[in-house]
Amino acid sequence: DIRVIVLEALPMILPGFNEKLAEFSKQKMIERGIDIRLRTAVTSFDGTEVTIKSLDENPKDSMDESKIDVIRTKTLIWTAGVTPVNTIKRSMFKTDKGKVIVNDFLEVLEFPGVFAIGDCALFMDPKTNRPFAPTAQLAEAQAKIAAHNLHALIKNLEKRKFEYHSKGQMAIIGKRTGIATFLGMNISGFLAWLIWRNVYLSKITLPDKKIRVFIDWAIDLLFDRDISRLKLMKRETEKEYKVLDEVDDVW
Ligand SMILES: Cc1cc2nc3c(=O)[nH]c(=O)nc-3n(C[C@H](O)[C@H](O)[C@H](O)COP(=O)(O)OP(=O)(O)OC[C@H]3O[C@@H](n4cnc5c(N)ncnc54)[C@H](O)[C@@H]3O)c2cc1C
């Protein structure tokens, strides 16, 4: 039996998504037996216990009433973001939060003709004044402009500025369920999942790979759930674990 607990420091999951879609995802995950704890930060893990701290709703207005708790587990999956590799951090390029700062043409500052794109590059969203989220969609869009600008440099043509227009956002949240912001619409459920699959299928370049993946996904549609997907879970009580510990000690 498996028990899955999602610990999230923010007051919502999937913060980059539309609020209703994020709420839909949360409810779906709860329906599937996942315990979601918001405003909860992981403070340590010693291999057998995860220490968690529940964060205040209004930390500025009130006294710090954060509560410390412990979850007994030997399995902790850390998914709190990615960070650029040390090669970049230690490079001679100017960086911010470990990412290479680039100009409007995606060229590295003070290094004309050198380009940085994707997760390792820091490109600010002029609307929010925050860096764009590191996604494959952004990396792909930047790759096209960097390729154009490299060609322009060689041929003495005009370089193009990078302007990003997101095509939308998608995520699958379990079997046959997804969320998507697509063509300005917020879609959830089976249709969003279907859109997700078709978009990803269209991104596979080699036809034989595309067919293989399509067949695999079609088979998956007809048969029972994958072992890694959860539905029903039996919860053991703390007391039963204690009894088991004692038996272990005797043995
Ligand atoms: C779990 C997960 C899920 C994601 N899901 C999505 C999603 O659904 N949609 C989406 O748009 N984005 C998603 N992303 C983000 C997306 O994968 C990245 O934004 C995208 O891959 C960035 O492309 P990139 O070319 O900059 O870097 P990468 O794809 O990371 O490519 C960098 C490559 O450089 C190699 N490398 C590193 N160091 C060296 C070195 N010293 N020498 C040589 N090679 C080196 C790495 O091995 C890697 O292959 C996800 C990321 C993760 C981790």
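Small disclaimer: the values here were computed from a predicted structure and weren't measured.

Caption draft 1: Inspection of the layout of surface pockets at higher detail. Put simply, the second largest pocket is a space of about 210 Å³. Taken together, the residues that form the lining of the second largest pocket break down as six nonpolar, two polar and three charged.

Caption draft 2: Expanded view of unusual backbone geometry. The phi torsion at Lys97 lies on the positive side, around 50 degrees, for a residue other than glycine. Note on placement: Lys97 falls in the loop between β6 (95–96) and β7 (99–101). With relative accessibility at 69%, the residue Lys97 sits in the exposed group. Positive phi, close to 60 degrees, is recorded for Asn129, a residue that is not glycine. Within the secondary structure layout, Asn129 lies in the loop between β9 (124–125) and β10 (130–131).

Caption draft 3: Spotlight on helix α3 (residues 136–155). For α3, spanning 20 residues, the distance from its first C-alpha to its last is 28 Å, which sits close to the expected 28 Å at 1.5 Å a residue. If you check which residues of α3 are buried, you get Leu138, Gln142, Ile145, Ala146, Asn149 and Ala152. When α3 is viewed along its axis, its buried side chains cluster within an angular range of 120 degrees and face the same direction. Away from the buried face of α3 by more than 90 degrees, exposed residues Ala136, Lys144, Ile154 and Lys155 are located. Taken from the residues just after α3, Asn156 is the one with a positive phi, measuring 60 degrees.

Caption draft 4: Geometry of the pairing of strand β3 (residues 40–45). Both β3 and strand β4 (residues 49–54) contribute to a ladder of five bridges, which runs antiparallel. Directly across from Thr40, in β4, lies its bridge partner Ser54. Between the antiparallel neighbours β3 and β4 lie three residues, among them Gly47 with a positive phi of about 100 degrees.

Caption draft 5: Fine view of the site of the ligand. Near the ligand you find Gly118, Asp119, Pro134, Thr135, Ala136, Gln137, Ala139 and Tyr200, and these make up its full shell. A distance of 2.9 Å is found between an oxygen atom of the ligand and a backbone nitrogen or oxygen belonging to Ala136. Here an oxygen atom of the ligand and a backbone polar atom of Gln137 are 3.5 Å apart. Ranked by residues supplied to the shell around the ligand, first place goes to α3 with three residues. Looking at side-chain class alone, the shell around the ligand contains four nonpolar, three polar and one charged residues.

Caption draft 6: Geometry of the sheet that holds β6. Strand order in the open sheet formed by three strands is β6-β7-β8, with mixed pairing between adjacent strands. The open sheet has two edge strands with one neighbour each: β6 and β8 (121–122). Judged from the two bridges that link them, β6 and β7 form a sheet pairing that is antiparallel. The partner of Asp96 across the bridge, within β7, is Lys99.

Caption draft 7: Spotlight on the sheet that holds strand β12 (residues 178–182). One open sheet holds the three strands; their spatial order is β11-β12-β13, and the pairing between them is antiparallel. Unpaired on one side and paired on the other, β11 (168–172) and β13 (185–189) mark the two borders of the sheet. Going from strand to strand, the sheet's axes swing by 10 degrees on average, the running direction of each strand aside. Pairing geometry for β11 and β12, over five bridges, is antiparallel. Bridging across to β12, Gly168 finds its partner in Phe182. With respect to the sheet, helix α4 (residues 190–203) is in contact with β11, β12 and β13, its orientation differing from that of β13 by roughly 105 degrees.

Caption draft 8: Expanded view of the nonpolar core. Grouped together as the largest cluster of nonpolar side chains are 15 residues, with contacts concentrated most on Val100, Val102, Leu106, Ala116, Phe123 and Phe162. Apart from the residues within four sequence positions on either side, Phe123 is in contact with Val102, Asn103, Asp104, Leu106, Pro131, Phe132, Gln142 and Phe162. In this structure, Phe17, Leu21, Ala171 and Ile173 belong to the second largest nonpolar core, which totals five residues.

Caption draft 9: Structural detail: empty space enclosed by the protein. One pass over the structure, following the stated rule, counts two cavities of 30 Å³ or more. Size it by volume and the second largest cavity reaches roughly 40 Å³. Together, Lys99, Gly118, Ala121, Phe123, Phe132, Ala133, Pro134, Leu138 and Gln142 line the second largest cavity. Classifying every residue of the lining of the second largest cavity by side-chain character gives six nonpolar, two polar and one charged.

Caption draft 10: A look at the confidence of the model for the protein chain. For the protein chain, the mean per-residue pLDDT works out to 87, and 85% of the residues sit at or above 70. Taken together, the stretch residues 242–251 has pLDDT below 50 and engages in one contact with residues farther than four places along the chain or on a different chain.

What counts, and where the lines are drawn
Residues numbered from 1 in each chain as written. Predicted model: local features only at pLDDT ≥ 70, side-chain atom pairs only at ≥ 80, totals over all residues. Heavy atoms only, no water. 1 Å grid on protein atoms, 1.4 Å probe; cavity = no way out; pocket = protein on both sides within 12 Å on 5 of 7 lines; lining within 4 Å. Points joined across faces, edges and corners; volume = space filled by probe spheres on them. Nonpolar A, V, L, I, M, F, W, Y, C, P; charged D, E, K, R; others polar. Helix = DSSP H or I, 4+ residues; strand = E, 2+ residues; numbered from the N terminus. Buried < 20%, exposed > 50% of the residue type's maximum accessible area, 1.4 Å probe, protein only. Expected span 1.5 Å × (residues − 1). Arc of directions from axis to C-beta. Pairing = 2+ DSSP bridges. Near = heavy atom within 4 Å. Polar contact = N/O pair within 3.5 Å; in protein donor to acceptor, adjacent residues only side chain to side chain. Axes fitted to C-alpha atoms, helices over the stretch in contact; angles between N-to-C directions. Contact = heavy atoms within 4.5 Å. Core = buried A, V, L, I, M, F, W, Y, C linked by side-chain atoms within 4.5 Å. pLDDT = per-residue confidence, 0-100.

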